[in-house]
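Examining the three-dimensional arrangement
Next come the chains, spelled out residue by residue.
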Amino acid sequence: MPKELPFRIGSMLILNKTARVFSKPSKSKIYAFLRSFNFSPGTRFLHKVVLGIETSCDDTAAAVVDETGNVLGEAIHSQTEVHLKTGGIVPPVAQQLHRENIERIVQEALSASGISPGDLSAIATTIKPGLALSLGVGLSFSKQLVNQWKKPFIPIHHMEAHALTIRLTNQVEFPFLVLLISGGHCLLALVRGVSDFLLLGKSLDIAPGDMFDKVARRLSLTKHPECSSMSGGKAIEHLAKQGNRFHFDISPPMHRVKNCDFSFTGLQHVTEKIITKKEKEEGIEKGQVLSSAADLAAAVQHTAACHIAKRTHRAILFCQQRQWLSQSHAVLVVSGGVASNFYIRRALEIVTDATQCTLLCPPPRLCTDNGVMIA
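Residues numbered from 1 in each chain as written. Predicted model: local features only at pLDDT ≥ 70, side-chain atom pairs only at ≥ 80, totals over all residues. Heavy atoms only, no water.

**Considerations on the packing of aromatic side chains**
- Under the defined criterion, the tally for this structure stands at three aromatic pairs.
- Centroid distance F262 to F264: 6.3 Å. Interplanar angle 10 degrees. Geometry classified as stacked. The exposure classification of F262 matches that of F264, with both residues buried.
- Centroid distance F318 to W324: 5.4 Å. Interplanar angle 75 degrees. Geometry classified as edge-to-face. (Phe/Tyr/Trp six-rings, centres within 6.5 Å; stacked < 30°, edge-to-face > 60°. Buried < 20%, exposed > 50% of the residue type's maximum accessible area, 1.4 Å probe, protein only.)

See below:
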């Protein structure tokens, strides 16, 4: 059964103790604020201009965007290289890197925009979901700016930002279906308006990007000459192009469960068992790269793509049967880091073609975490 997503702005500030730095605004006050800002007669900029700050995971990002959707300036610092060396994101390390870079990143975004702090209309910051230690850095820094510059604060739900990013690049009317797939999240929702989401399905365990990272780590792909500087998901996609998925028969997860939820832990465990078996067959130790790594990458990617496509297909049919989507202009938006995987995107294109829907994806740079979507 679909459930209402907790994406209501009024409840966004119910945070854990480390992030409880702002008072909770009422929903009506925020809506009124978003509708109208007060400008003095001498204000240089006629448009509302917002500074967006994103620190939910391992990217420190900021951007300045006006109300017409123009990106006036942006900056981002990626921690990917550091976390590749540790085999995954270590929250305290991510926190420290955010602390070291956030002031510089915000200043770079402001400098690129040509906007002075006094000309900002508000400061928007990711408040959830994400790594508590990472979120805390963005919230603390935002609190300093809000107090220093005397600007209003707008709390942003990270997944809501991903879902609505497409409206920055395309004219998309409500309602539309959104599939958010990343390293930390996987969900299907009907977007009926800003802060009005109906949850249709979600991952019951880990996210697809997390599964790809763990498989890549088990395959020791950082030791592969072509993948040493790639994230796990990128390495799997790269190697899969060279592999033959038919060399391994892996069943899609939850194929007998008739709902729109996802599961990727089983796929991860099955793949790890195959890797252990192949290591014994090839006579190599754990930590060495299998000769069949490309074939296995192709099989895992294909199985994940089929699983995602099947659940999304069911969600589209569910919405169409209830006339929740436009009969002539139904839209599926796919966003999040895993949305940049072209094999998965192609599987979803097959689904949308079969259901007469339009598939839309933000450009790759806006699929991953960024300050633009927050602003």
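**Quick word on the pairing of strand β4 (residues 71-78)**
- Alignment of strand β3 (residues 59-66) against β4, held across seven bridges, turns out to be antiparallel. Bridging from a neighbouring strand, A61 pairs with I76 of β4.
- The hairpin formed by β3 and β4 contains four residues between the paired strands, and G69 there has a positive phi angle of roughly 95 degrees. (Pairing = 2+ DSSP bridges. Helix = DSSP H or I, 4+ residues; strand = E, 2+ residues; numbered from the N terminus.)

**Focus on the nonpolar core**
- Counting 57 residues, the largest nonpolar core has L179, I181, M211, L219, L221 and V334 as the members making the most contacts within it.
- Those residues within four positions of V334 in sequence are excluded, and the remaining contacts are L179, I181, A339, L348, L359, L360, C361 and P362.
- Formed by 22 residues, the second largest nonpolar core is a distinct cluster that contains L51, I115, I123 and V137. (Core = buried A, V, L, I, M, F, W, Y, C linked by side-chain atoms within 4.5 Å. Contact = heavy atoms within 4.5 Å.)

**Side note on unusual backbone geometry**
- At the junction of K128 and P129, the peptide bond is cis and its omega measures out at -15 degrees in the coordinates.
- Note on placement: P129 falls in the loop between β5 (122-128) and α4 (132-149).
- Residue F174 is joined to P175 through a cis peptide bond whose omega torsion reads -5 degrees.
- Examined against the element boundaries, P175 turns out to sit in the loop between α6 (166-169) and β7 (176-181).
- Notably, M254 is not glycine yet its phi reads approximately 55 degrees, a positive angle.
- As for its position among the elements, M254 is in the loop between α8 (232-240) and α9 (265-282).
- Even without glycine at this site, Q323 takes up a positive phi of about 55 degrees.
- Looking at the element boundaries, Q323 is found in the loop between α10 (293-321) and β10 (331-335).

**Examining the packing of helix α7 (residues 208-218) against α10**
- Put simply, α7 and α10 touch, their axes get as near as 12 Å, and they point 170 degrees apart. Judged by the inter-axis angle, α7 sits roughly antiparallel to α10. Residue-level contacts link P208, M211, F212 and V215 of α7 to V300, Q301, A304 and I308 of α10.
- Partitioning the contact of α7 with α10 into residue classes produces seven nonpolar, one polar and no charged. (Axes fitted to C-alpha atoms, helices over the stretch in contact; angles between N-to-C directions. Parallel < 35°, antiparallel > 145°, perpendicular 65-115°, else oblique. Nonpolar A, V, L, I, M, F, W, Y, C, P; charged D, E, K, R; others polar.)

**Describing the packing of α9 against α10**
- Their axes nearest at 11 Å, the elements α9 and α10 cross at an angle of 165 degrees. The angle between the axes of α9 and α10 places the two elements in the roughly antiparallel class. Here α9 and α10 pass one another in a crossing that is right-handed. Of the residues in α10, those touching α9 at L267, T271, I274 and I275 are L296, V300, T303 and A304.
- Within the contact of α9 with α10, the residues separate by chemical class into six nonpolar, two polar and no charged. (Left-handed = near helix turned anticlockwise from the far one by under 90°.)

**A look at the confidence of the model for the chain**
- Taken residue by residue, the chain gives an average pLDDT of 88. The fraction at 70 or more is 87%.
- Summarising per-element confidence for the chain, the mean pLDDT is lowest in helix α1 (residues 27-35) (48) and highest in strand β2 (residues 49-54) (98).
- Between residues 4-27, whose pLDDT stays under 50, and residues either more than four places distant or in other chains, the model counts 58 contacts.
- Confidence over residues 30-45 falls short of pLDDT 50; this stretch has 27 contacts with residues more than four positions distant or in other chains. (pLDDT = per-residue confidence, 0-100.)

**Side note on α10**
- In this model, α10 (29 residues) spans 42 Å end to end at C-alpha, consistent with the 42 Å of a helix rising 1.5 Å per residue.
- Following α10 by one or two positions, Q323 adopts a phi angle in the positive range, close to 55 degrees. (Expected span 1.5 Å × (residues − 1).)

**Things to note about the sheet that holds β3**
- Pairing is mixed in the open sheet, where five strands are placed in the order β4-β3-β2-β5-β6. Strand pairing shows two members of the sheet lacking a second neighbour, β4 and β6 (153-157), which therefore form its edges. Within the sheet, the average angular offset between the axes of one strand and its neighbour, ignoring direction, is 20 degrees.
- Sheet strands touched by α4: β2, β5 and β6. Its angle to β5, the strand with the most contacts, is close to 160 degrees.

**Some details on the pairing of β10**
- The buried fraction of β10 amounts to five of the five residues, a majority that puts the element mostly inside the structure.
- By the alternation rule, side chains of β10 split into V331, V333 and S335 and L332 and V334, which are all buried.
- Two strands pair when backbone bridges link them, and β7 and β10 are joined in this way by four bridges, in the parallel orientation. Bridge assignment links V178 to a residue of β10, and that residue is V333.
- Relative to strand β11 (residues 358-360), β10 runs parallel, the two being bridged by three bridges. Across the sheet, residue V331 finds its bridge partner in β11, namely T358.
- Chirality of the crossover, the property in question, places the unit of β10, helix α11 (residues 342-354) and β11 among those that are right-handed. (Right-handed = clockwise from strand over helix to strand, strands pointing away.)

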